[in-house]
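Each chain is listed here by its residues.
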Amino acid sequence: MTTLSSATNVRPARWREWLASYGLLGALFVLMILFTALNPRFFTLANLGTMLEQNAPLFIIAVGATFAIISQNIDLSPASVLALAGVALGLVFQATGSLLLGIIAGFAAAIAVELFNAVLIVRGGINPLIVTLACWIWARGLAVSFTGANSILVRDPALDALTRPIALEISPAILLALLVFMAGGFILARTRLGRYTYAMGSDERATLQAGVPTGKYKLIMFAMFGVLVGLAMLVTVSRLGAAAPDAAYGLELDAIVSVIIGGNAFSGGEGNMRRTLIGALFIAVLNNGLGNLGMLDAQIAVYKGAAILLALLFGVVSTRLVKGKRA
Amino acid sequence: MSQSSTIDTMTPTRLPGQVRAWASSNSALVAMLLLFAFFGLTSQTFLLPNNIFNIFRQMSVVAVLGIGMTLVILIGGIDLSVGSSLFMAAGISALLLRDGSTAPVAILVGLVAATLVGLLNGLLVEGAGISPVIATLGTLIGARGLALVLMDNAQIRVTDPFFDTIAVTRTPGIEALNIPGIPLIAIIVFVLYIITALLMRHTIYGRMVYAIGGNQTAARLCGIPVKRIKILTYTLCGFYAGIAGMLIAASTGVISPNLGSGSEFYTIAAVVLGGTRLTGGIGRVEKTIIGAFILFMTLNWMTIRRIPTEWQQAATGLLVLAAILIDRLAQRERAS
Amino acid sequence: MSAPRATTAPPLLEMRGITKHFPGVMALSEVDFSAAAGEIHALIGQNGAGKSTLMKILAGVYQPNAGEIIIDGKPVRFQQPRTALRSGVGVVYQDLSLVPQLSVADNIFLGREAGGGILVDQPTLHSEAARILSELGVSGVDVRRRAADLPLAQQQLVEIAKVLSHKPRILVLDEPTAPLAEEETALLMTLLRGLKSRAIAIIYISHRFKEIMNLCDRATVLRNGRLVKTVDVASTTEMELIELTIGERVEAFFRHGEHQASDDTPVLEVEQLSVGRTVRDVSFQVRRGEIVGLTGLLGAGQNELARALFGLTLETSGVIRRDGKSVQLHSPKAAIQHGIGLLTEQRKTEGLVLNLDVRANLTLPSLSFFRRWSAFIDNRRENRAASAMAEQMHVKTASTHAPVGTLSGGNQQKVILGKWLLRDPDILIFISPTQGIDVGAKAEIYAQLTNLAAAGKSILVVSEDLIEILGISDRIMVLYQGALLQTFARADANEERLLAAIQGNLQ
């Protein structure tokens, strides 16, 4: 037997996990009670349904952001890509009158742009932050250019049905978001792609050395993000009844914040989809609750910023408490 | 030892090697000169002194933001909140001026506000241990929101003789050659760059910044107060954002709710175009002004060539990518 | 001893005329190398001799400029590590290549997870990993734990298990015993001997000549990128191997003769010092001009103790006195101000700022000496001091303005020592000062330690290498499970007694 003791911090890890994921859940409940007290209409089935639907694109993008952050490939571009994909759908729909062709064009645009990002990261060796930041600029720019900064009306019964409640204020869009979450959680936990997502984020060189074609998996991951952006775009267009070049502005920040306040490490290599779900719910409740209090956008931003910072500090403190102070 | 043989084998190829080495370590400057020549050849108006001065003026805000951003990136961090700090500084100064403060007081309070945002960033990152992207994202949202609340969500005009003077003052031009004077704003930007570049080269602080960015652990083991220096750097970044806020207040004359939003991305682009590495420790402040010049000279040329503004945004994003890609490929070439 | 048949049997691996240039450097020049199935073949040479480069060419990490690789009589070309791995070349690298946040099982099967298709079959993965480890005789490793949470030695064993699970026919181990304690080293030796019967060719890179003498059949010596000689180990002495490696007769390795502390004034007194849960109630003194060795098994607390003395750990209790005055060492900065310096084995991660030049690295701890106008650096004085120190330390560099990253490993080490000499602390703490350093450079470091002590510096050397500790220390302190077990005077210590003491047997 080896003399090296292996009985260190098994339990604290679990405690930390518990605190990291359920601590925020507690905060979420407090927040919901607070909003209900301020505005009783908050805790009604109708409003909760609206809240979930408003934020369905956020839920979908947050799933992609979880993969991106765990694998250390931060993506700032999804909201801009969403707008561009929406514009592609709108233009094709306008020209052909076919929703199907429009959807194909929209998805193709989203996947193509994300793959373009991935190729620059993998082949060009450029930092993901820079690549996706540039994309944040140019994809939005293209979306605005193609439309002359005007929205394109997209009305189609099939698309409208996506955000029309079918029962209990629940629309297909909400179910879609839920499905995306479950699929994302499954892929992350049970498949090769998921395993390599963690491995790349933890130590990319070692992963490559172990014979994992990391470049290929990054391409797959970004393509998957493209599909998610496409889905979020469908919900957005359906909700607005139009393809707007300024759609989803700031969504990428909400998505990234959801992943992080949920308790996933920004430094990559660890995390899970359940944490992202709680984080995204927290942001959704904030967005909806603050919005219903009749405040100005500016005031909403202040409270939202403060709540996010509190949640982040809470995460940091709880982690420190359990891990013990490190010099 | 192998060291001596290293030098021997390098000797024969020294001269052309030196030229190539210079070009590849000053690729931003080379790119700037090439683009400048191209733009000059394809447009008569581009080369007019007045147009060049216009570029200087247009780039001033991003260039000043770029100073602080370069420092933060050198220590291995990033600050996404500069656009909001700038807005906050400009908004608070404008408010005070409207309510009858004198210009020095308004400027001082504005600068202090932005500096405090920088300090908060530093404390969040170094004190609380939140990653810089996330922490400064939080202050990006919060600082703009707070400023908007203070401003009651409305536009504020800046009508102060001092600010107006800053905006319009120029050095004497040369009438005979039809050369106008250099705008004061451009001179302020250049002076700030010269001062900061000298500080980085010759102060203990500058040395510590490079040491921390290059290897934080080693720096700490050498007794460098890593946390304090990093917090100071974020604070400085906020201070420069405050100065940028004063410049934008002077030059636009009106503080509208989305003033300066998105400028953080152009600023990071300028820093990276200047060759500073996002990984920290490598880069020069004075090269960021080259990056800013490349960006704004391109935008200017596109305007002259009547390319619609919307397309300019898309083209700018792609230009940044192309420039960085070329730089990376050149580095790879050199390494192999 | 098994007779090395390798010389007569057709070799499994042949590398012929391998040449590799890096920009400005000839790393390998027409090196021939061969290894037979069932042989353990040592690859020896000083740092920079070309061992690692040769193995990286074999593993497909680098492409050679000239030469050919023949496996089983067929010429092969490996464009990348993956193809080499598939062709049966497995490499255990010196810097571990485990993914820290994945579990042991995930690491072992990374890149070829069980379950076919795109899904991962977790239960099979775990049971297979456990089987592989037990086959290797490794016990006590939970395959579900994260690799980062394992002690270094266990990580090393997992790494070897991972490479072996690819069923390589050629196995390269790059200094596998560096992080291992005696016991694990013995385990590894048994394991490698067992592998010989599986007709695997094992290439073993090490600086430890004793291990090579015990384990290997043949040894190939490289020097300055050239092949010196391939010898049968059975018919060669350890001295001969060392001489082939450094290319000259070995002079006195350690200092000779009694060296006494120049006076009895204690410069550092430690009373009842505890560090977290790793060090308990340790008390000792260090006198002026004395070299104190601090040793123990890996993980006995000696590293933590040394780091605490440099202000790197906050969870300490007890009293530390410098020159009789009680001091608080809560940061490296405070430790440096109290005249303490620390040099660790982690040259690149803890010692140097690679992108800064030699001058800036040399003056980093003593920037305040060159201060003028409160915030500025007096460049002229700084340059002069740095150049003088570079000269004194015989740092081989084109200029003190060259980035320190361009220097060779040995010269980097000199820069690290030089920066502390420039700061001129009274107490220098060395952690594993010669780990991963070749024989020639070791001798230089020992000489420097002696000179420093003679000049009145007090030195604390932390090392798990008992020979080294015996060779240089005036006094030797042995830690066992975080407590100070025993202190030996130089005259009372020998290898056997120390070996017993580090296992916890009071002498």
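Criteria and cut-off values
- Residues numbered from 1 in each chain as written.
- Chains lettered and ligands numbered in written order.
- Predicted model: local features only at pLDDT ≥ 70, side-chain atom pairs only at ≥ 80, totals over all residues.
- Heavy atoms only, no water.
- pLDDT = per-residue confidence, 0-100.
- Helix = DSSP H or I, 4+ residues; strand = E, 2+ residues; numbered from the N terminus.
- Salt bridge = Lys/Arg side-chain N within 4 Å of Asp/Glu carboxyl O.
- Contact = heavy atoms within 4.5 Å.
- Buried area = accessible area lost by both parts, 1.4 Å probe.
- Polar contact = N/O pair within 3.5 Å; in protein donor to acceptor, adjacent residues only side chain to side chain.
- Nonpolar A, V, L, I, M, F, W, Y, C, P; charged D, E, K, R; others polar.
- Buried < 20%, exposed > 50% of the residue type's maximum accessible area, 1.4 Å probe, protein only.
- 1 Å grid on protein atoms, 1.4 Å probe; cavity = no way out; pocket = protein on both sides within 12 Å on 5 of 7 lines; lining within 4 Å.
- Points joined across faces, edges and corners; volume = space filled by probe spheres on them.
- Domains from an automatic or database assignment.

## What to know about the confidence of the model for chain A
Regions with low pLDDT carry predicted coordinates that are not meant to be interpreted in detail.
Line of reasoning, step 1. Looking at chain A, pLDDT values average 82 and 91% of them are 70 or higher.
Line of reasoning, step 2. The element-level mean pLDDT for chain A is lowest in helix H1 (residues 11-38) of chain A, coming to 73, with helix H3 (residues 56-70) of chain A highest at 93.

## Things to note about the pattern of salt bridges
Line of reasoning, step 1. Counting across every chain of the model gives 29 salt bridges over all chains.
Line of reasoning, step 2. Between aspartate 160 of chain A and arginine 155 of chain A there is a salt bridge whose closest N-O contact spans 3.8 Å.
Line of reasoning, step 3. With its nearest N and O atoms 3.5 Å apart, the salt bridge here joins arginine 146 of chain C to aspartate 149 of chain C.
Line of reasoning, step 4. One continuous salt-bridge network, built from bridges that share partners, spans Arg207 of chain B together with Asp357, Arg359 and Glu382 of chain C.

## Focus on the environment of serine 366 of chain C
All names here are of chain C.
Line of reasoning, step 1. Here serine 366 is to be found in the loop between helix H12 (358-363) and strand E17 (371-372).
Line of reasoning, step 2. It is 7.1 Å that separates the C-alpha atoms of serine 366 and leucine 422, two residues lying 56 residues apart in sequence.
Line of reasoning, step 3. Non-local contacts of serine 366, meaning those with residues more than four positions away in its chain, are made with Leu422 and Arg423.

## Remarks on the interface of chain A and chain B
In many analyses, interface size is given as the accessible surface area lost on bringing the parts together.
Line of reasoning, step 1. Facing the 38 residues of chain A at the interface are 36 residues of chain B.
Line of reasoning, step 2. Of the roughly 3600 Å² buried between chain A and chain B on both sides combined, carbon and sulfur atoms contribute 82%.
Line of reasoning, step 3. Three residues stand out in chain A for area buried against chain B, namely Ile130, Ile137 and Leu309 of chain A, and they jointly supply 15% of the buried area on that side.
Line of reasoning, step 4. Inspection of the region where chain A meets chain B yields zero salt bridges.
Line of reasoning, step 5. Scanning the region where chain A abuts chain B turns up one residue pair in polar contact (both at pLDDT 80 or more).
Line of reasoning, step 6. Counting residues per element, the ones that place at least two in the side of chain A that touches chain B are helix H5 (99-122), helix H6 (128-147), helix H12 (251-261) and helix H14 (297-323) of chain A.
Line of reasoning, step 7. Element by element, the count of residues in the side of chain A that touches chain B is highest for H6 of chain A, at 14 residues.
Line of reasoning, step 8. Across the side of chain A that touches chain B, the residue classes tally to 28 nonpolar, seven polar and three charged.

## Considerations on helix H13 (residues 263-273) of chain B
Residues and elements named next belong to chain B.
Line of reasoning, step 1. By the criterion of burial, H13 is predominantly enclosed, with ten of the eleven residues buried.
Line of reasoning, step 2. Residues of H13 that are buried: Ser263, Glu264, Phe265, Thr267, Ile268, Ala269, Ala270, Val271, Val272 and Leu273.
Line of reasoning, step 3. At the C-terminal side of H13, glycine 275 shows a positive phi close to 95 degrees.

## Regarding the interface of chain C and chain B
Line of reasoning, step 1. Taken together, the contact between chain C and chain B spans 35 residues of the former and 29 residues of the latter.
Line of reasoning, step 2. Where chain C abuts chain B, roughly 2700 Å² becomes buried across the two surfaces, and 62% of that area is made up of carbon and sulfur atoms.
Line of reasoning, step 3. Seen at the junction of chain C and chain B, the total is one salt bridge.
Line of reasoning, step 4. Measuring nitrogen to oxygen at the nearest pair gives 2.5 Å for the salt bridge that ties glutamate 382 of chain C to arginine 207 of chain B.
Line of reasoning, step 5. Put simply, chain C and chain B have seven residue pairs in polar contact (both at pLDDT 80 or more) between them.
Line of reasoning, step 6. Counting residues per element, the ones that place at least two in the side of chain C that touches chain B are helix H10 (332-337), helix H11 (347-351), H12, strand E18 (376-377), helix H13 (379-392) and helix H14 (409-423) of chain C.
Line of reasoning, step 7. Looking at the side of chain C that touches chain B residue by residue, the class counts come to 19 nonpolar, eight polar and eight charged.

## A short note on empty space enclosed by the protein
If a probe the size of a water molecule is rolled over the atoms, the empty space left behind becomes visible.
Line of reasoning, step 1. Counted according to the given criterion, the structure contains five cavities of 30 Å³ or more.
Line of reasoning, step 2. One number sums up the size of the largest cavity: a volume of about 170 Å³.
Line of reasoning, step 3. Gln209 and Ala210 of chain A together with Leu85, Val91 and Tyr93 of chain C are the residues nearest the centre of the largest cavity, which is lined by 16 residues in total.
Line of reasoning, step 4. Of the residues belonging to the lining of the largest cavity, the class tally is nine nonpolar, four polar and three charged.
Line of reasoning, step 5. Each of two domains, domain 1 (1-88 + 168-250) and domain 2 (100-167) of chain C, supplies a minimum of three residues to the lining of the largest cavity.
Line of reasoning, step 6. Of the pockets and cavities examined, the second largest cavity occupies roughly 60 Å³.
Line of reasoning, step 7. Around the second largest cavity sit Leu221 of chain B together with Leu342, Leu343, Thr344, Glu350, Gly351, Ile416, Lys419 and Trp420 of chain C, which together line it.
Line of reasoning, step 8. Contributing elements (two or more residues each) for the lining of the second largest cavity: strand E16 (340-343), H11 and H14 of chain C.
Line of reasoning, step 9. Sort the elements by how many residues they give to the lining of the second largest cavity and H14 of chain C lands first, with three residues.
Line of reasoning, step 10. Looking at the lining of the second largest cavity residue by residue, the class counts come to five nonpolar, two polar and two charged.

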